[in-house]
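Descriptive structure summary
Residue strings, one per chain:
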Amino acid sequence: MTTEKGGYMDERLADERIYQWMTWEEIAREAAAGSPVVIPIGATEQHGPHLPVSTDWVIPAEVLRLASVARRIVAGPSLNFGYRSRPASGGGQNFPGTLSLRATTFMAVIEDVLSELIRTGFRSIVLYNWHFENANFVYEPAFLVSERNRAAKIVVIESAIPDLSAEDAATLWPEGFPGLALEHAALIETALWMHHRPEAIRTERMKDDGPLRHPPYDVLPIDASMTTASGSLASPLGATAEKGGLLMRRLVDHLLSILDTEFPSPAAAAHADGMAHA
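Below: a short report on this structure. Predicted model only: the values in this text are computed from it and were never measured. Position numbers for residues count from 1 along each chain, tracking the sequence in the order it is written. The model is predicted, so local features are restricted to residues of pLDDT at least 70 and side-chain atom pairs to those at 80 or more, both for listing and for counting; the totals for chains, interfaces and linings are taken over all residues. Only heavy atoms go into the side-chain values, all of them from the structure, while hydrogens and water stay out.

**Some thoughts on the overall build of the protein**
Scanning the protein from terminus to terminus reveals 9 helices and 6 strands. Buried residues are those whose accessible area, probed at 1.4 Å on protein chains only, stays under 20% of the maximum for their type, while exposed residues exceed 50% and partly exposed ones sit between those limits. A total of 278 residues make up the protein; the buried ones form 47% of that total. Residue contacts follow a heavy-atom distance rule, with two residues in contact if any of their heavy atoms lie within 4.5 Å. In the protein, the proportion of contacts linking residues at least 24 apart, taken out of those at least 6 apart, comes to 75%. The method behind every accessible area is Shrake-Rupley, applied with a 1.4 Å probe, and residues are considered shielded solely by the protein chains displayed. Here the protein displays about 13800 Å² of accessible surface, and carbon together with sulfur accounts for 56% of that area. Helix and strand definitions here come from DSSP, where helices need a minimum of 4 consecutive H or I residues and strands a minimum of 2 consecutive E residues; each element is numbered from the N-terminal end.

Structure (structure tokens):
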């Protein structure tokens, strides 16, 4: 189904399987067919003065949309609220606009969502996390649900960004990679937005920024020297749509490689079986 650009359903392709646009019958058929369902887990969090607070769930949802065209999966509904933002990785809770959940609430929501997916009939489930602070809190509810539902296989991807080759890193950061911990509202996410939906970026507000210090620990109450006034933890100024396209290809390929490993498609499984008996 296709609408004009900017329409409510935007440009949905016929071969996409996007959970929120499917009927209950279509969802039931995919579950019965053994299709993996992948849930993007993000946050509503400040991303500098130039990117939307929806960054941590819009970007992974787009990765899943593209993956759903490449192979048979259901791109599940996004979890748009995550665990508390921390100064050294997300700017911290001192920014207006960030809406966070306490850990117990966050884990309870994931546990309930997983239980409902299994009730629906899914037995192949992936939790695809984009928000750094969600790590570990995603694994715990998956573990609890798995103990009660041994027939279901749950894959937990706590870090969606793969290791990049030296060639890719040099292309993306010719002046040197600042490290993933500082890549918040910086080049990666800005470039991905430029590739996906450039009109969402306030380019005139992009700022080269960085914390005064970045120790391997946190301090409470929040220490302003460990975050920035803008909310960007490194410079986004080197971002381009071309770099965003490169990153998106790497993200999709990374997810597909995990899916092919843990949930081989029937064609791939038959090929592997034939090779093993050749």
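Continuing now.
**Thoughts on the sheet that holds strand β2 (residues 74-75)**
Within a beta sheet, neighbouring strands are joined by backbone hydrogen bonds and run either parallel or antiparallel to one another. When DSSP finds two or more bridges between two strands, those strands count as paired. The 4 strands are arranged β2-β1-β5-β6 in an open sheet whose pairing can be described as parallel. Bordering the open sheet on either side are β2 and β6 (153-157), each of which pairs with just one other strand. The angle between two axes is taken between their N-to-C directions and runs from 0 to 180 degrees, where each axis is a line fitted to C-alpha atoms and a helix contributes only its stretch in contact. This element, helix α2 (residues 55-70), spans β1 (37-41), β2 and β5 (124-129) of the sheet and lies at about 160° to β1. Along the sheet, helix α5 (residues 139-148) makes contact with β5 and β6, crossing β6 at roughly 170°.

**Re the nonpolar core**
Nine residue types can take part in a nonpolar core, namely buried Ala, Val, Leu, Ile, Met, Phe, Trp, Tyr and Cys, and a core is a set of them joined through side-chain atoms within 4.5 Å. One finds Tyr128, Leu192, Leu255 and Leu259 to be the most contacted residues of the largest nonpolar core, which totals 38 residues. At the level of elements, α2, β5, β6, α7 (187-196) and α8 (241-262) are the ones that each hand at least two residues to this core. No other element matches the 9 residues that α8 contributes to this core. If we skip the residues at most four places from it in the chain, Leu259 touches Pro36, Val38, Arg71, Ile73, Val126 and Pro264. Ala31, Ile110, Leu117 and Ile125 belong to the second-largest nonpolar core, a separate cluster that totals 22 residues.

**Quick word on the packing of aromatic side chains**
Within a pair of aromatic rings, the relevant descriptors are the distance that separates the centres and the angle that separates the planes. Each Phe, Tyr or Trp ring, with Trp reduced to its six-membered ring, pairs with another whose centre is within 6.5 Å; inter-plane angles below 30 degrees give stacked pairs, above 60 give edge-to-face pairs, and intermediate values give tilted ones. Under the definition given, this model contains 3 aromatic pairs. Considering the side-chain rings of Tyr83 and Phe137, the 4.6 Å spacing of their centres and the 55° angle between planes classify their relative orientation as tilted. With Tyr83 in strand β3 (residues 82-83) and Phe137 in the loop between β5 and α5, this pair connects stretches of sequence that are 54 residues apart. We classify Phe137 as partly exposed; its relative accessible area is 23%. Between the aromatic rings of Trp173 and Phe177, the centroid separation amounts to 4.3 Å while the plane-to-plane angle is 40°, which identifies the pairing as tilted. Here Trp173 falls in the buried class, since its relative accessible area comes to 9%.

**A look at the pairing of β5**
The element β5 is largely enclosed, with a buried count of 6 among its 6 residues. Neither face of β5 is exposed, since Ser124, Val126 and Tyr128 on one face and Ile125, Leu127 and Asn129 on the opposite face are all buried. Both β1 and β5 contribute to a ladder of 5 bridges, which runs parallel. Of the residues in β5, the one forming a bridge with Val37 is Ile125. Pairing of β5 with β6 involves 5 bridges; the strand directions are parallel. Bridged to Val126 within β6 is Val155. By convention, a crossover is right-handed whenever its connection, traced from the first strand over the helix to the second and viewed with the strands pointing away, goes clockwise. What joins β5 to β6 is α5, and the crossover it makes is right-handed.

**What to know about the side chain of Arg17**
Mapped onto the elements of the fold, Arg17 is located in the segment before α1 (24-32). It turns out Arg17 is buried and unbridged, and the closest side chain with the opposite charge, Glu30, is 4.4 Å from it. Here a polar contact is taken to be a pair of N or O atoms separated by no more than 3.5 Å, where protein atoms must pair a possible hydrogen donor with a possible acceptor and residues adjacent in sequence count only if both atoms sit in side chains. Of note is the side chain of Arg17, whose polar atom sits 2.8 Å from the backbone oxygen of Ser68. At a separation of 3.1 Å, a polar atom in the side chain of Arg17 contacts the main-chain carbonyl oxygen of Ile73. When near neighbours in sequence (up to four residues on either side) are disregarded, Arg17 contacts Met22, Glu30, Ser68, Arg71, Arg72, Ile73, Val74 and Ala75. Counting rule for charge: Lys and Arg are taken as positive, Asp and Glu as negative, and neither His nor the chain ends is counted. The salt bridge criterion pairs a side-chain nitrogen of Lys or Arg with a carboxyl oxygen of Asp or Glu, the two atoms within 4 Å.

**Looking at α7**
Most of α7 sits inside the fold, with 8 of its 10 residues counted as buried. Every buried residue belonging to α7 is among Leu187, Ile188, Glu189, Thr190, Ala191, Leu192, Trp193 and Met194, and all of these are buried. Its buried side turned inward, α7 meets α2, α6 (166-172) and α8.

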